[in-house]
Amino acid sequence: VMKLNPQQAPLYGDSVITVQLTEEDKVEDDVVFYLVFTGSTVQHCTSTRKINPGSLETISPGHDCCETVKVALCASREGHPVLVVAEESFQFVQDEAYDAAQFLATCAGNQQALNFTRFLDRSRPPAADVDFLDEKVALAFRHLKLPAEWNVLGADQSLTENIPRETLMHFAVRLGLLRLTWFLLQQPGGRKALSIHNNEGATPVSLALERGYQKLHQLLTEEESREPECWSTLSHTVHSGAYSVTHHRRLDVYTLTAGA
């Protein structure tokens, strides 16, 4: 039996999983290990990276629903058939970051909810917490199936730009969430949100300046803004027909996802 640590991951994936091999699985260097996650409607196959002779690591795939799946550890070696060497179960769960992303997505135009996010800001979290929050909420947001008509400014597009109001962009910038800001910029209404003033007359751009978030300010004001470096630590997915391939740059592992 292999040991997976942890034995669960958030729906949006991208967290590190360590695989402890048993004595008999610690084999020659030319063996390549894969993990195959079999869910009710999709299957993922991930490559792994050897940390030492007894352990591997990989990245949890993003999954389509909360459920317990079967994980098979497969060993492949040139000239030999692929072997399933161990099996274990693994759980995909909806965590707080996912809840938060869903809440924010639903509240895009809701002033009461957005004012609540301003209240949260009074207790400025330390930088490390902000980075953690930024990464998880951006990953979760990216994983949500946003409706085609979704807009950073909410559903009511009839509001003219000169009505002062809070926006999701104000929220992301005020907390210094670089990844989330970048994600929102790519969405419908993202660029438009940059010029909207709130009740104090602040735009997301002026907030970034006032708070001394230089990278963020640059991101919002450059003509051709490039994706921030911190975005590249997240995995990158390419879709092709019924398949998708995800590359996680930090660990250099790949995931192939297909309908089961």
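Please read these numbers as outputs of a predicted model, since none were measured by experiment.

Participant: Summarise the pattern of salt bridges; cite the residues concerned and give the values.
Facilitator: Going through the model one piece at a time under the given rule, you end up with eight salt bridges. Arg77 is the salt-bridge partner of Asp30, the closest N and O atoms lying 3.3 Å from each other. Of this pair, Asp30 sits in the loop between strand E3 (16–20) and strand E4 (32–38) while Arg77 sits in the loop between strand E8 (67–76) and strand E9 (83–93); the two residues are 47 residues apart in sequence, bridging distant segments of the chain. Taking the shortest distance from any N to any O, the salt bridge between Arg179 and Asp134 comes out at 3.2 Å. Separated by 45 residues along the polypeptide, Arg179 in helix H5 (residues 178–186) and Asp134 in helix H3 (residues 127–143) bring together distant segments of the chain. Comparing Arg179 with Asp134 shows no difference in burial state: the two are buried. Linked by salt bridges that have partners in common, Asp131, Asp134, Glu135, Arg179 and Arg250 make up one network.

Participant: Give me the sheet that holds strand E5 (residues 42–47): which residues, what numbers.
Facilitator: Pairing is mixed in the open sheet, where eight strands are placed in the order E2-E9-E8-E4-E5-E12-E11-E10. Each edge of the open sheet carries a strand with a single partner, namely strand E2 (8–10) and strand E10 (236–240). Here the average twist between neighbouring strands, direction ignored, is 25°.

Participant: Any chance you could break down the side chain of Asp134 for me, citing the residues and the numbers?
Facilitator: Judged by relative accessible area, Asp134 falls into the buried class, the value being 3%. Leaving out residues up to four positions away in the same chain, Asp134 has contacts with Leu177, Leu178, Arg179 and Leu180.

Participant: Residue-level account of the domain arrangement of the protein, with values.
Facilitator: Splitting the protein by domain gives domain 1 (3–94 + 233–259) and domain 2 (96–226). If you average the C-alpha positions of domain 1 and of domain 2, the two centres end up 33 Å apart. Each partner contributes residues to the interface: domain 1 has 11 residues there, and domain 2 has 11 residues. Contact between domain 1 and domain 2 buries roughly 1,000 Å² in total, counting both sides, with carbon and sulfur atoms accounting for 56%. Summed over the three residues of domain 1 that lose the most area to domain 2, namely Tyr12, Gln94 and Leu234, the buried surface amounts to 64% of that side. At the junction of domain 1 and domain 2, the tally comes to one salt bridge. Our count for the domain 1 to domain 2 interface comes out at five residue pairs in polar contact (both at pLDDT 80 or more). When the residues that make up the side of domain 1 that touches domain 2 are grouped by side-chain class, the tally is three nonpolar, six polar and two charged.

What counts, and at which threshold
- Residue positions are given per chain, counted from 1 along the sequence in the order it is written.
- A pLDDT threshold of at least 70 governs which residues receive local features in this predicted model, and a stricter bar of 80 or more applies before side-chain atom pairs are shown or counted, although totals over entire chains, interfaces and linings include all residues.
- Neither water nor hydrogens contribute to the side-chain values; these are computed over all heavy atoms in the structure.
- Take a side-chain nitrogen of Lys or Arg and a carboxyl oxygen of Asp or Glu: if they are within 4 Å of each other, that pair is a salt bridge.
- Here a strand is any run of E in DSSP of at least two residues, a helix any run of H or I of at least four, and the numbering for each starts at the N terminus.
- Buried means the residue's accessible area, taken with a 1.4 Å probe over protein chains only, is under 20% of the maximum for its type, while exposed means over 50%, and partly exposed covers the values in between.
- Paired strands, as defined in this entry, are two strands with at least two bridges between them according to DSSP.
- Lines fitted to the C-alpha atoms define the axes, with helices restricted to the stretch that makes contact. Angles between their N-to-C directions range from 0 to 180 degrees.
- When checking whether two residues touch, look at their non-hydrogen atoms; a contact exists if any pair is within 4.5 Å.
- The domain boundaries here were taken from an automatic or database domain assignment.
- Each of two parts loses accessible area, computed with a 1.4 Å probe, when they are put together; buried area is these two losses added.
- We define a polar contact as two N or O atoms separated by no more than 3.5 Å, with the added condition that, inside protein, one atom must be a possible hydrogen donor and the other a possible acceptor, whereas residues neighbouring each other in sequence contribute only through side-chain atom pairs.
- Classification used: nonpolar for Ala, Val, Leu, Ile, Met, Phe, Trp, Tyr, Cys and Pro, charged for Asp, Glu, Lys and Arg, polar for all others including Gly.

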